[in-house]
Amino acid sequence: MTEIPIPKCVTDKLRQLNQLAERYQEDIPVSAAADFLGMDARSLKSYLMQAGNSLGLGWRKDRAANRGFHIPTAKFYLWYRNLLAKEA
């Protein structure tokens, strides 16, 4: 059986993920996460507002104009790497 090499584009993206995690060790700004994912920050914010996603948190307090977002670095890293443990 011949070993299949990992494509450079995949290893490059994982290297970028490691750099992102090292730069933002506690939480990743929405704009940085959106850039990494290659998407618009507004789209990512919309996703974060959905209940039950596995990437981060989004909320709006009653009668508040602004929304809050939080993307924990470890959670984002594991989500992207698909290493989240299945709940028993």
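You'll find the structure just up there.
What counts as what
- Residues numbered from 1 in each chain as written.
- Predicted model: local features only at pLDDT ≥ 70, side-chain atom pairs only at ≥ 80, totals over all residues.
- Heavy atoms only, no water.
- Helix = DSSP H or I, 4+ residues; strand = E, 2+ residues; numbered from the N terminus.
- Rg over C-alpha atoms; globule rule 2.2 N^0.38 Å.
- Buried < 20%, exposed > 50% of the residue type's maximum accessible area, 1.4 Å probe, protein only.
- Contact = heavy atoms within 4.5 Å.
- Areas by Shrake-Rupley, 256 points an atom, 1.4 Å probe, with all protein chains shown as cover.
- Axes fitted to C-alpha atoms, helices over the stretch in contact; angles between N-to-C directions.
- Parallel < 35°, antiparallel > 145°, perpendicular 65-115°, else oblique.
- Salt bridge = Lys/Arg side-chain N within 4 Å of Asp/Glu carboxyl O.

J.: Go over the overall build of the protein chain with me, naming the residues and quoting the values.
T.: The helix and strand inventory of the protein chain stands at 4 helices and 2 strands. The linear arrangement of helices and strands in the protein chain, starting from the amino end, is α-α-α-β-β-α. Taken over C-alpha atoms, the radius of gyration comes to 15 Å for the protein chain, far larger than the 12 Å a tight globule of 88 residues would show. For the protein chain, the C-alpha atoms occupy an extent of roughly 60 × 35 × 20 Å along the three principal directions. A total of 88 residues make up the protein chain; the buried ones form 22% of that total. Once local pairs closer than 6 in sequence are excluded, the contacts in the protein chain between residues at least 24 apart make up 42%. Split by element, the accessible area of the protein chain, about 7,000 Å² in all, is 50% carbon and sulfur.

J.: An account of the packing of helix H2 (residues 30-37) against helix H3 (residues 41-49) is needed here, citing residue identities and associated values.
T.: Running from N to C, H2 and H3 point in directions that differ by 110°, and their axes come no closer than 9 Å. The pairing of H2 with H3 is recorded here as roughly perpendicular in orientation. Here Val 30, Ala 33, Ala 34 and Leu 37 of H2 come into contact with H3, specifically with Ala 41, Leu 44, Lys 45 and Leu 48.

J.: Just give me the short version of the pattern of salt bridges, but keep the residues and values in it.
T.: Tallied over the entire structure, the rule returns 2 salt bridges. For Asp 12, the salt bridge identified is with Lys 8, shortest N-O distance 2.8 Å. On the criterion of helical spacing, the pair formed by Asp 12 and Lys 8 is a turn pair, its members being 4 residues apart in helix H1 (residues 8-23). Residues Asp 12 and Arg 15 are paired through a salt bridge, measuring 3.2 Å at the closest nitrogen-oxygen approach. Remark: Arg 15 and Asp 12 occur in helix H1; sequence separation between them is 3 residues, near one turn of the helix. Linked through salt bridges whose partners overlap, the residues forming this network are Lys 8, Asp 12 and Arg 15.

Just distances and angles here, no functional claims.
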